[in-house]
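Now for the letters of each chain:
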Amino acid sequence: MTAHGSATWLSSIVAFLIFINVAQTYSMLHNSSGKGGDTYSNALDETSRTGPYFDKSASKNVTALLGKTTYLNCRVKNLGNKTVSWVRHRDIHLLTIGRYTYTNDQRFRAIHNAQSDDWVLQIKYPQHRDTGIYECQVSTTPHMSHFVHLNVVEPVTEILGGPDLYIDRGSTINLTCIVLHSPEPPAYIFWNHNDAIISYDSSRGGVSVVTEKGDSTTSFLLVQQAKPTDSGRYTCNPSNAQPKSITVHVLNGEYPAAMQHGGQAHQPRLYSLLLCLCLLLY
């Protein structure tokens, strides 16, 4: 093969390789069905953005505890020289502009770190009336908006079986306290007996507590070998909710008149009614 023929052959190979490379690149950019194409295209879309946009993964709805300071976050990328404001939708009230708090309500405060993309609205002592939609607004033309919903909740404490519990002497007092509607579990739950905090390592012995935390928090109080001195008011006192009480009656085998309103003492009355019905039928 001559030198001229070799050069022509080599040029053809190079041209073919360039064509293959271009075709692959074109396929990556336009192929919407291939996983690799999607990833490349999405990455290219993110890096090619020049104007502001919201990072919604860091600007989520918030559930706040009544009276406990909460924070609404709005993350804005590529802000440039634009301004971020917070507006309360309930009354279309402008709360903050940039790092400045615009409202006279001192519970609200604008927070922004110069090195951060986060624009935070702080709300101290949130109340039920603060529940609603808050708009994070960017001063583009037209303006851009992202909506954050705030839900202010008040945890509820319940003790199963209340308001009175009757048990026999020598049985186990088993009380169940449930804390509902709390965005986070209580830091602690105290149990009181007649206004005194129950000590689980006292000389009385046989007293234990098991607490299970989750979407709702449940605390079980067990008092074994119940005595008449264990009678009284038991109170479940969570750190983040109102306390709830139940009155425990430890009996010596007799059933006082007060139980006629409880449930167990309804049985003789029920039997009497059934007997009368039978007599009428026959």
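In what follows, the accompanying structure is described. (Residues numbered from 1 in each chain as written. Predicted model: local features only at pLDDT ≥ 70, side-chain atom pairs only at ≥ 80, totals over all residues. Heavy atoms only, no water.)

### A short note on the overall build of the chain
Broken down by element type, the chain carries three helices and 19 strands. Burial analysis of the chain (282 residues in total) assigns 31% to the buried set. Taking the intrachain contacts of the chain between residues at least 6 apart in sequence as the baseline, contacts between residues at least 24 apart amount to 58%. When the accessible surface of the chain is summed, it comes to about 18,000 Å², and 55% of that surface belongs to carbon and sulfur atoms. (Helix = DSSP H or I, 4+ residues; strand = E, 2+ residues; numbered from the N terminus. Buried < 20%, exposed > 50% of the residue type's maximum accessible area, 1.4 Å probe, protein only. Contact = heavy atoms within 4.5 Å. Areas by Shrake-Rupley, 256 points an atom, 1.4 Å probe, with all protein chains shown as cover.)

### Section: the state of the cysteines
On inspection of all chains with the given rule, the structure shows two disulfides. Cys74 shares a disulfide with Cys136; S-S distance 2.0 Å. Negative torsions about the S-S bond denote left-handed disulfides, and the value of about -80° found for Cys74 with Cys136 makes this one left-handed. With a gap of 62 residues between them, Cys74 in strand 3 (residues 70-77) and Cys136 in strand 9 (residues 132-138) connect regions that are remote in the sequence. Note on Cys136: relative accessible area 0%, which makes it buried. Residue Cys177 pairs covalently with Cys236 via a disulfide, S to S 2.0 Å. (Disulfide = S-S within 2.5 Å.)

### Structural notes on the sheet that holds strand 11 (residues 156-159)
Hydrogen bonding along the main chain pairs the strands of a sheet, whether they run parallel or antiparallel. In space, the four strands of this open sheet follow the order 11-13-17-16, with antiparallel pairing throughout. This sheet does not close on itself; its edge strands, each paired only once, are strand 11 and strand 16 (207-212). For this sheet, the mean angle separating the axes of adjacent strands, direction not counted, is 15°. (Pairing = 2+ DSSP bridges. Axes fitted to C-alpha atoms, helices over the stretch in contact; angles between N-to-C directions.)

### Digging into the environment of Val76
In this structure, Val76 sits in strand 3. Leave out the neighbours within four places in its chain, and Val76 touches Pro52, Tyr53, Phe54, Val84, Asp117, Trp119 and Val138.

### Some thoughts on the sheet that holds strand 18 (residues 232-238)
Read across the sheet, five strands follow the order 12-19-18-14-15 without closing on themselves; strand pairing throughout is mixed. Two strands close off the open sheet at either side, each with one partner strand: strand 12 (164-168) and strand 15 (196-197). Here five bridges tie strand 18 to strand 19 (residues 244-251), and the two strands are oriented antiparallel to one another. Across the sheet, the residue bridging to Cys236 is Lys244, located in strand 19.

### Some remarks on the pairing of strand 8 (residues 118-123)
Along strand 8, six of the six residues are buried, which leaves the element largely enclosed by surrounding structure. Burial along strand 8 is two-sided: the face carrying Asp118, Val120 and Gln122 and the face carrying Trp119, Leu121 and Ile123 are both buried. Bridge count between strand 7 (residues 108-112) and strand 8: five bridges; the pairing is antiparallel. When the bridges of strand 8 are listed, Arg109 appears paired with Gln122.

### Points about the nonpolar core
Counting 20 residues, the largest nonpolar core has Leu72, Val76, Trp86, Leu121, Tyr134 and Leu150 as its most contacted members. Within the residue set of this core, elements represented by two or more residues are strand 2 (62-65), strand 3, strand 4 (84-88), strand 8, strand 9 and strand 10 (144-153). Ranked by size, the runner-up nonpolar core spans 19 residues in total, among them Ile173, Leu175, Leu221 and Val248. (Core = buried A, V, L, I, M, F, W, Y, C linked by side-chain atoms within 4.5 Å.)

### Remarks on unusual backbone geometry
Among all residues save glycine, negative phi is the norm, and among peptide bonds the norm is trans. With an omega of -5°, the peptide bond between Thr141 and Pro142 qualifies as cis. By the secondary structure assignment, Pro142 is in the loop between strand 9 and strand 10. Here the amide bond leading from Gly162 into Pro163 is cis, since omega sits at 5°, within 30 degrees of zero. Within the secondary structure layout, Pro163 lies in the loop between strand 11 and strand 12.

### A few points about a nonpolar patch on the surface
Together, Tyr188, Phe190 and Ile197 line one region of the surface with nonpolar side chains, adding up to about 300 Å² of accessible area. With respect to the secondary-structure elements, Ile197 resides in strand 15. Residue Ile197 is classed as exposed on the basis of its relative accessible area, which comes to 55%. (Patch = residues over 30% accessible without salt bridge, like charges linked within 9 Å, V, L, I, M, F, W, Y side chains within 5 Å. Salt bridge = Lys/Arg side-chain N within 4 Å of Asp/Glu carboxyl O.)

### Things to note about the side chain of Thr96
Within the fold, Thr96 resides in strand 5 (residues 93-97). Owing to a relative accessible area of 1%, Thr96 belongs among the buried residues under this scheme. Residues within four places of Thr96 in sequence aside, it is in contact with Ser85, Trp86, Thr101, Tyr102, Arg109, Ala110 and Leu121.

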